[in-house]
Amino acid sequence: MSRDYQGDLVELSAFGTVRSLRCTPDHQVLVHHKTSQARSWKKAGDVQIGDCLITPKASMGEPVVSEVLVKLVAWFICEGHVNGNRAVFSLNGTKQEEIDHVTGLLDALAYQWSITRTNESGSSAHVRVNSVTLADRLVAWCGSGAFNKRVPFDIISGHEQAFFDELIRGDGHVVKPKKVNHHGSDMYSTVSVGLAFDVMMLASTLGRRSHLAKRTGVGDTVICGVKTFCNDSYTV
């Protein structure tokens, strides 16, 4: 959030996030005390180097929609957009299992769909659903455009793990552990810093620790012979 303000400001930077928090000196932040293992509210102006700031853990309720719909919402965030009255999922045409998975979710929800491939190699596949209701709901829940997508916490309530797994399957990957008996890690990438913070909060609801890294975009470039523009991206 941001608002117009004239006066003194405090800027807090912390490990695990690429963005600092600018706020008024009397703004309350939650601090974890290492020695006592207690937590207390502290004015931002009184925060010292070495203080541990708490990442909020969202309180989730009972399911409000089906798990299948929650999974489809995750794929819309990763690969979806709305074109007129249609919801479109742009998938990797070389990964038939990915196409089968998304169309299987649509079948389970009784939506009719069609698929087209946009180039000779078939490397890009677009699954289209002609449904005003679905298109409107997805935009209302998740936003539109790669920079404006957000996690609809009220909609995915009760299915957080399933939603998280679909996000990783769509726009992330699993990093295998280098040592035996060590846990691997999940990585999720996006050009939306807001969505990146949402994924961090989602991870915290699942008891997962996360941090955020930023990769500065190079601007105009060529990838696989195609001219494109590389924006800043964020990896959780």
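None of the values given here were measured: they were computed from a predicted structure.

Caption draft 1: Main features of the nonpolar core. Formed by 42 residues in total, the largest nonpolar core has its most connected members in Phe89, Phe163, Leu167 and Tyr188. Those elements that provide at least two residues to this core are α1 (67-79), β7 (86-92), α2 (96-108), β9 (124-130), α3 (132-142), α4 (153-156), α5 (160-171) and α6 (193-205). It is α1 that contributes the most residues to this core, 9 residues altogether. Membership of the second largest hydrophobic core comes to 7 residues, among which are Leu12, Cys23, Ala44 and Val47.

Caption draft 2: The environment of serine 66, seen in detail. Locating serine 66 in the fold gives a position in the loop between β5 (52-53) and α1. Along the chain, serine 66 and methionine 201 lie 135 residues apart, while their C-alpha atoms are 22 Å from each other. If we skip the residues at most four places from it in the chain, serine 66 touches Leu109 and His159.

Caption draft 3: Representation of the packing of α1 against α3. Following both chains from N to C, one finds α1 and α3 inclined at 75°, their axes separated by 11 Å at the closest point. If you check the angle between α1 and α3, you find them roughly perpendicular. Within the contact between the two elements, α1 uses Leu69, Leu72, Val73, Phe76 and Ile77 and α3 uses Leu134, Leu138, Val139, Trp141 and Cys142.

Caption draft 4: Molecular detail of the packing of aromatic side chains. Under the definition given, this model contains 1 aromatic pair. Ring plane angle 80° and centroid distance 6.4 Å describe the contact between phenylalanine 76 and phenylalanine 89, whose orientation is recorded as edge-to-face. One end of the pair, phenylalanine 76, is in helix α1; the other, phenylalanine 89, is in strand β7, and 13 residues separate them in sequence. Accessibility expressed as a relative area gives 0% for phenylalanine 76, which makes it buried. The ring centre of phenylalanine 76 lies 4.8 Å from the NZ or CZ of lysine 149, which sits over that ring.

Caption draft 5: Quick look at the sheet that holds strand β12 (residues 213-215). Spatially, 4 strands are ordered β10-β11-β15-β12 in an open sheet, and the strand pairing comes out antiparallel. Edge positions in the sheet fall to β10 (172-175) and β12, since each has one partner strand and no second. On average, each strand axis in the sheet is tilted by 25° relative to the strand beside it, whichever way the strands run. When strand β11 (residues 185-190) meets strand β15 (residues 233-235), the two strands line up antiparallel, connected through 2 bridges. Counterpart to serine 189 in the pairing with β15 is threonine 235. Of the strands in this sheet, β10 and β11 are in contact with α5, which crosses β11 at around 65°. Each of β11 and β15 touches α6; the most contacted strand, β11, lies at about 160° to it.

Reading guide: rules and limits
- Residues numbered from 1 in each chain as written.
- Predicted model: local features only at pLDDT ≥ 70, side-chain atom pairs only at ≥ 80, totals over all residues.
- Heavy atoms only, no water.
- Core = buried A, V, L, I, M, F, W, Y, C linked by side-chain atoms within 4.5 Å.
- Buried < 20%, exposed > 50% of the residue type's maximum accessible area, 1.4 Å probe, protein only.
- Helix = DSSP H or I, 4+ residues; strand = E, 2+ residues; numbered from the N terminus.
- Contact = heavy atoms within 4.5 Å.
- Axes fitted to C-alpha atoms, helices over the stretch in contact; angles between N-to-C directions.
- Parallel < 35°, antiparallel > 145°, perpendicular 65-115°, else oblique.
- Phe/Tyr/Trp six-rings, centres within 6.5 Å; stacked < 30°, edge-to-face > 60°.
- Lys NZ or Arg CZ within 6 Å of the ring centre and 35° of its normal.
- Pairing = 2+ DSSP bridges.

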